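The lines below spell out each chain.
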Amino acid sequence: MTTPVAMHMSDGLLNTPTTVLFLGVAVIGVAIAAAKARADLDDRAAPMAGLVAAFVFATQMLNFPVLAGVSGHLLGGALAAILVGPWVGALCVSIVLVVQAFLFSDGGLTALGANITNMALIGTAAGFGTALALKRLAARGKAGLVAVSFTAALVNTVVAALGFVVEFAIGGDAAFNLGAVAATVLGVHVLIGIGEGVITALTVGAVAATRPDLVYLLRGTAKPLELRGKATA
């Protein structure tokens, strides 16, 4: 019997009550994000949100190898949250997951609520929370921002995978040993998180190098940094 390791869940991994439960969690979470996102969607953020959603969609369709026979793809929660904020970021990832499920059958329709809960809500919140906690380091310069972006993306991936483990513990196949499932899923997603961290760090670093004003995490820090630079010149 093969142990399931994919966090982008397909149909049948969770029983019906659990899929209904987390569909409800996803609907409530996305509704809250949509209400909160209105304050962040100004003339700068709205076009950026579209670009972020398109980038996450494209990169989620590309897998990178992490072990022999095992591959991973970008989740995008930390990346989106750092660039456009946690509420808009959660919406971006949610939209990507819905499109993938309905148009490309990537992730099961019955598991869509669980996938949104893990990747768009839990992962994005964990990634942005990590970035926010390290905001002072990010504001020091490009190296700090890149390091924070990498760390946030790694945390995002591992915590989202932990969400899958919790859901599987609630409504997964009892024939699988939960300890083995948890060890496999979390171990693999640490490696996936490293790949996600590299992609996130490179992307955020590239945006910040040309338009630091478009990086949500740097709001309230970029202008003071510029003023200090002028004062010491």
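Whatever comes next refers back to the structure up there.
In this numbering scheme, every chain counts its residues from 1 along its sequence in written order. Per-residue local features are limited, in this predicted model, to residues with pLDDT of at least 70; the limit for side-chain atom pairs, both in listing and counting, is 80 or more; totals at the level of whole chains, interfaces and linings are taken over all residues. With hydrogens and water set aside, each side-chain value is computed from the structure's full complement of heavy atoms.

1. Remarks on the pattern of salt bridges
Under the convention used in this document: The term salt bridge refers to a pairing of a side-chain nitrogen on Lys or Arg with a carboxyl oxygen on Asp or Glu at a separation within 4 Å.
The final tally for this structure, using the stated rule, is one salt bridge. R211 is the salt-bridge partner of D213, the closest N and O atoms lying 2.7 Å from each other.

2. Quick word on the packing of helix 1 (residues 16-37) against helix 4 (residues 86-104)
For the record, the criterion: Note on geometry: axes are lines fitted to C-alpha atoms, helical ones only across the stretch in contact, with angles between N-to-C directions running from 0 to 180 degrees. Each helix is a run of H or I in the DSSP string that is no shorter than four residues. Each strand is a run of E no shorter than two, and both are numbered from the N terminus. Should an angle fall under 35 degrees it is called roughly parallel, over 145 degrees roughly antiparallel, and 65 to 115 degrees roughly perpendicular, with every other angle called oblique. Crossing handedness is defined as follows: a turn of the near helix away from the far one that is anticlockwise and smaller than a right angle gives a left-handed crossing, while the clockwise case is right-handed. For this analysis, residues touch if any pair of their heavy atoms sits within 4.5 Å. Under this grouping Gly is polar, as are all residues other than the nonpolar Ala, Val, Leu, Ile, Met, Phe, Trp, Tyr, Cys and Pro and the charged Asp, Glu, Lys and Arg.
Closest axis-to-axis distance for the helix 1/helix 4 pair is 8 Å, and the angle between their directions is 130°. In terms of their interaxial angle, helix 1 and helix 4 are classed as oblique. Viewed along their axes, helix 1 and helix 4 form a crossing whose handedness is left-handed. Taken together, the residues of helix 4 that come into contact with helix 1 (itself represented by V30, I32, A33, A34, K36 and A37) are W87, V88, A90, L91 and S94. Class assignment of the residues belonging to the contact of helix 1 with helix 4 gives a composition of nine nonpolar, one polar and one charged.

3. Points about a nonpolar patch on the surface
The line we're drawing: In this analysis, a patch consists of residues with relative accessible area above 30% that form no salt bridge, clustered at 9 Å for like charges and at 5 Å for the nonpolar side chains Val, Leu, Ile, Met, Phe, Trp and Tyr. Every accessible area reported is derived by Shrake-Rupley at a probe size of 1.4 Å, with residue values counting cover from the shown protein chains alone. When a residue's accessible area, from a 1.4 Å probe over protein chains only, is under 20% of the maximum for its type it is buried; when over 50% it is exposed; and in between it is partly exposed.
Where nonpolar side chains cluster on the molecular surface, the patch consists of M61, V98, F102, L103, F104 and L109 and spans about 600 Å² of accessible area. Structurally, F102 can be placed in helix 4. According to the relative accessible area criterion, F102 is exposed, its value standing at 55%.

4. A look at the packing of helix 7 (residues 142-171) against helix 8 (residues 178-210)
Remark: helix 7 packs on helix 8, axes separated minimally by 6 Å, with the N-to-C direction vectors making an angle of 150°. Comparing the axis directions of helix 7 and helix 8 gives the class roughly antiparallel. Here helix 7 and helix 8 pass one another in a crossing that is right-handed. Looking at the contact of helix 7 with helix 8, its residues break down into 25 nonpolar, eight polar and two charged.

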